[in-house]
Protein chains: 2
Amino acid sequence: MDVSHHLTTLLPHDPTASSVGSTVISLTVFFTLLCACIVIGHLFVENRWVNDSTIAILLGLCAGFVTLLISKWKSSRILVFSDQLFFIFLLPPIIFNAGFQVKKKQFFRNFLTIMLFGVFGTLVSFCIISIEMSSSLLFGTLLLISKPVVAVGAIFSATDSVCTLQVLSQEETPLLYSLVFGEGVVNDATSIVLFNAVRKLDFSDIDTLVVLKLLGTFVYLFFTSTAIGIGVGLLSAYVIKTLYFGRHSTDREVAIMMLMAYLSYMLAELFSLSGILTVFFCGILMSHYTWHNVTENSRLTTRHSFAMISFIAETFIFLYVGMDALDIDTWKASDKSVGEMIVASGILLILVLVGRAAFVFSLTNIVNFFKNRIATRISLRQQVVIWWAGLIRGAVTIALSYEKFTRSDSTSSKNGSFMITNTIIVVLFSTVVFGSVTKSLIRAILKQQMNIRCSEDTDPAGLEDLHLLFEEHGEDDGHLVNSGLLTRHSSSTIHNLWRKFDDRYMRPVFGGRGYVPRSRF
Amino acid sequence: MDVSHHLTTLLPHDPTASSVGSTVISLTVFFTLLCACIVIGHLFVENRWVNDSTIAILLGLCAGFVTLLISKWKSSRILVFSDQLFFIFLLPPIIFNAGFQVKKKQFFRNFLTIMLFGVFGTLVSFCIISIEMSSSLLFGTLLLISKPVVAVGAIFSATDSVCTLQVLSQEETPLLYSLVFGEGVVNDATSIVLFNAVRKLDFSDIDTLVVLKLLGTFVYLFFTSTAIGIGVGLLSAYVIKTLYFGRHSTDREVAIMMLMAYLSYMLAELFSLSGILTVFFCGILMSHYTWHNVTENSRLTTRHSFAMISFIAETFIFLYVGMDALDIDTWKASDKSVGEMIVASGILLILVLVGRAAFVFSLTNIVNFFKNRIATRISLRQQVVIWWAGLIRGAVTIALSYEKFTRSDSTSSKNGSFMITNTIIVVLFSTVVFGSVTKSLIRAILKQQMNIRCSEDTDPAGLEDLHLLFEEHGEDDGHLVNSGLLTRHSSSTIHNLWRKFDDRYMRPVFGGRGYVPRSRF
């Protein structure tokens, strides 16, 4: 365990005062930029072309450019992008907060669709990108070895859930938000399986057994990750309900919620599972049980402070990406010309577009086929938004790219830097261009849709009434049921069964909505 | 600026999976321990012998011991103590929160006493420890070169403000809290001056000019540090009042408050000033102006989340100290026997006791001499508590010790490790023994005092009435005034002048209590 002093090599024991000074300098610059992002973001909040991520990236680019000028074109690095800093410190709070604030009913209603997108969608996208990349290899544009090609497929088929949070609003488009964001979360488990498969497998002979094995690994990964998240969430609810920290101090309550959420992520990573899935489900459980067990003050504090931490982490990431983009060492390290880079990035972008289109339009139509009631189907306009909103590749893509291409054998370091610069171009382009268009696109495309939805807003309530009718009439409602209503009815029944189970077995132990903490002393 | 990638060397780009794994392991262990601390601390909250810091240190010691067993007596390090991690990430939130939650009236009423303690108290303590250390050198117990002796004086004369927060309660003993804690904050500026003086000066020929120069440096340091804190605090108030972030999102408000507070510390460190003083005053200004300018939700969130972050940082520090205490490398590196260590640590402890006694009892009596009204004097019992509560040496001492003894020339590394182990022994002993006795001591000693204070509780109000009487009667109150009342009257007048100034010039610009943010759109 002696190796594990990395956390504290954060700042070196270097005796030279200058290195200490430069850490302070870079932190000062970074915090100033973060403040600037917040202020500018606030000023442009009603502008439909600009979002927070675009501002942070552009500001980062400017800062990188200024640094480059000051250092006389030697270096633009104030902070170096580290994929581990990203995966260990920045990503968990964002995903946890997403789980904490997600509309649970909406999420679980679309659970099957989300799983379909997250698993098979990613697979389709992965295959298309990999195969087309190998074929474009024939044209000599991307001169890479075969394994990296598959890795590129895996990297670029990963939806960036952080970006989704930025461009889709849970309030305005709840269905699309839960579909695209949920896809991003499930996608993480798929990516891990794909990544490990890419590392270990020999893709020249794939048979049914291998595919089944992969599927088995995915199922194992999915269920164990989810189980850890649920377990830690329930534990936190139980501990807080039993000990009732709020009696003495709000700080302890809030602190233990935060620490246990983070712990769930760490535990999952410890067992090489999907930390993102774990911390997402931990967030859902905590918002369902734990959050209701704490005092009023703690509820307000947790809701806002989790959102705030997530907000800072997001801004941090985009600033980081922007500042790192101008990193001159990576650009120099690759021996390709600017033209080749642009062509390669363009091809990658097109592949991403095609790969996503392939599975979004096909899978939604499969889903629609099983939904007999027209109102619940996913319309073509919505499909376009799902396709478009998931196109953005952001920090997750960059982090994966760094993980893959800087860590692997250094012999292919030239190809590595080439791939990293390509990734950066794709990320910059997609975030700035796709990202800024998205808001307007959603408004333009879904305007009509929105109007329809507004008139339909009473629908769920109406359905609930119908459902009550079903229950009152007992079993003699066979004549009413067409298969479409049956589907809704069955999902509604699942929800009802869950509620009964929750009320009878879970809430007495773990608290939850309506639980009033009382001092037992 | 290329050197400044330290923040992200946090987690290395090491290609071996094991190092990544071990980072995850140590983080998991650490977060589990933090949770355990919170739970145990909650269970023992009504126990008067145990406080949070003792629990964290003991738990840290246990964890260190278990690690030692597992690694077969090779290493106890799960995380290595880094003085910079401490000074850059853990200390600022603690001090900021202290400034944010401090009772401002009480603090400024005792401002002169606090300054006296913080400046001359530290100097007296420093001289006594240094001189007696050099004389005990004659007995051959501590074989050190002359410069480290003075450094030891500087290190051990630094009161640990973090510990004070743990043992003294602002609610129960507001006067003592503000005196001892305030001393700790001002002490930081003194320590920096002393430290730099120790580094540069030749102590063999000290004349009046040198002393004046040192005093000048201190005054410069004190005023610039305070000015930066006040400046950033006012800026945050102005920005938040003008832009009114809360209109769109609470997250932005909370985030910018936190970021600007941290920025003030970084700015001070950038100019080699006292970051602690800066962030403390920034906290005071923010609680006076900024906090009132934000929305109701943000107020609650900031108050609790700042307290929570500070709480986690404190627990983290004590856990860290406990885990690091058993570090076998440092113990081995010193060539002294266990007996010598115990003798040396004992001498150090006694010196700390004597050094503090010397200035507390003498300075309070000087202060008392100028206070003619008996009720406002600091009683002997209170003096004992001030002496005792400031005795505890904690994480700040360890951090300074590491900074001094691991960074300096490696030739004296044996003496360095010897001093570090001594520091650890003193810190462990004083935190665990002094710390656990303090609560009971305060109750026992101040019981009588408390009763007196209870009957006196109406005093401030009564005085305020008297003060109003003065004002109404205009100038013809000369016959009423004895010099004791004059003192109170004058301080009260200063307060009044400040309030008038505040109401007329500051609040219209920077907001503050009673300010109601309105949407201008």
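Remember, it's a predicted structure, so these values are computed and weren't measured experimentally.

Calculation notes
Residues numbered from 1 in each chain as written. Chains lettered and ligands numbered in written order. Predicted model: local features only at pLDDT ≥ 70, side-chain atom pairs only at ≥ 80, totals over all residues. Helix = DSSP H or I, 4+ residues; strand = E, 2+ residues; numbered from the N terminus. Buried ≥ 20, exposed ≤ 12 C-beta atoms within 10 Å, placed from the backbone. Contact = placed C-beta atoms within 7 Å. Axes fitted to C-alpha atoms, helices over the stretch in contact; angles between N-to-C directions. Parallel < 35°, antiparallel > 145°, perpendicular 65-115°, else oblique. Left-handed = near helix turned anticlockwise from the far one by under 90°. Nonpolar A, V, L, I, M, F, W, Y, C, P; charged D, E, K, R; others polar. Expected span 1.5 Å × (residues − 1). Bend = angle between axes of the 7 residues up to and from the residue. pLDDT = per-residue confidence, 0-100.

Turning next to the overall build of chain A. The secondary structure content of chain A amounts to 19 helices and zero strands. A total of 521 residues make up chain A; the buried ones form 49% of that total. Here the analysis covers contacts within chain A between residues at least 6 apart in sequence; of these, 85% occur between residues at least 24 apart.

Residue and element names in this part refer to chain A. Interaxial distance between helix α10 (residues 250-270) and helix α11 (residues 275-293) falls to 8 Å at its minimum, and their mutual angle equals 150 degrees. Regarding the angle of α10 to α11, the classification is roughly antiparallel. Two packed elements cross with a definite hand, and for α10 against α11 that hand is right-handed. Taking contact as the criterion, the partners of Met257, Ala261, Ser264, Tyr265, Ala268 and Glu269 in α10 are, on α11, Gly275, Thr278, Val279, Cys282, Gly283, Met286 and Thr290. Residues of the contact of α10 with α11, tallied by class, amount to seven nonpolar, five polar and one charged.

Let us look at α11(A). Residue and element names in this part refer to chain A. With 19 residues, α11 should cover 27 Å at 1.5 Å per step; its first-to-last C-alpha distance of 25 Å lies within 8% of that length. Along α11, the helix axis deviates most sharply at Met286, where the bend reaches about 50 degrees. With respect to burial, α11 is a largely interior element, 19 of its 19 residues being buried.

The phi angle at A:Ser272 is positive, at roughly 55 degrees, despite the residue not being glycine. Here A:Ser272 shows up in the loop between α10 and α11.

All right, on to the environment of B:Met133 then. Residue and element names in this part refer to chain B. Tracing the backbone shows Met133 in helix α5 (residues 111-138). C-beta crowding within 10 Å serves as the criterion here: with 23 such atoms nearby, Met133 is assigned to the buried category. With 218 residues separating them along the chain, Met133 and Leu351 place their C-alpha atoms 8.1 Å apart.

Looking now at helix α14 (residues 338-370) of chain A. Here α14(A) is 33 residues long and its end C-alpha atoms lie 48 Å apart, about the 48 Å a rise of 1.5 Å per residue gives. Within the span of α14(A), buried status applies to A:Ala344, A:Leu348, A:Leu349, A:Leu351, A:Val352, A:Gly355, A:Arg356, A:Phe359, A:Val360 and A:Thr364.

Moving on, we come to the confidence of the model for chain A. All names here are of chain A. Of the residues in chain A, 76% have a pLDDT of 70 or more, and the chain-wide mean is 75. Mean pLDDT across the elements of chain A ranges from a minimum in helix α18 (residues 459-473), with 38, to a maximum in α10, with 91. Here residues 454-486 is a poorly scored stretch, pLDDT under 50, and it has 14 contacts once near neighbours within four places are set aside; other chains count. Scored as a whole, the predicted complex attains pTM 0.81, and scored at its interfaces, ipTM 0.79.

A few words now on the environment of B:Ile129. All names here are of chain B. By the secondary structure assignment, Ile129 is in helix α5. Accessibility expressed as a C-beta count within 10 Å gives 25 for Ile129, which makes it buried. Measuring from C-alpha to C-alpha, the distance between Ile129 and Asp188 comes to 17 Å, with 59 residues separating the pair along the chain. Sequence-distant contacts of Ile129, defined by excluding residues within four places in its chain, comprise Val152, Gly153, Phe156, Ser157, Leu351 and Gly355.

As for its placement among the helices and strands, B:Lys74 is situated in the loop between α2 (52-70) and α3 (83-101). Residues B:Lys74 and B:Leu209, spaced 135 residues apart in sequence, show a C-alpha to C-alpha distance of 52 Å.

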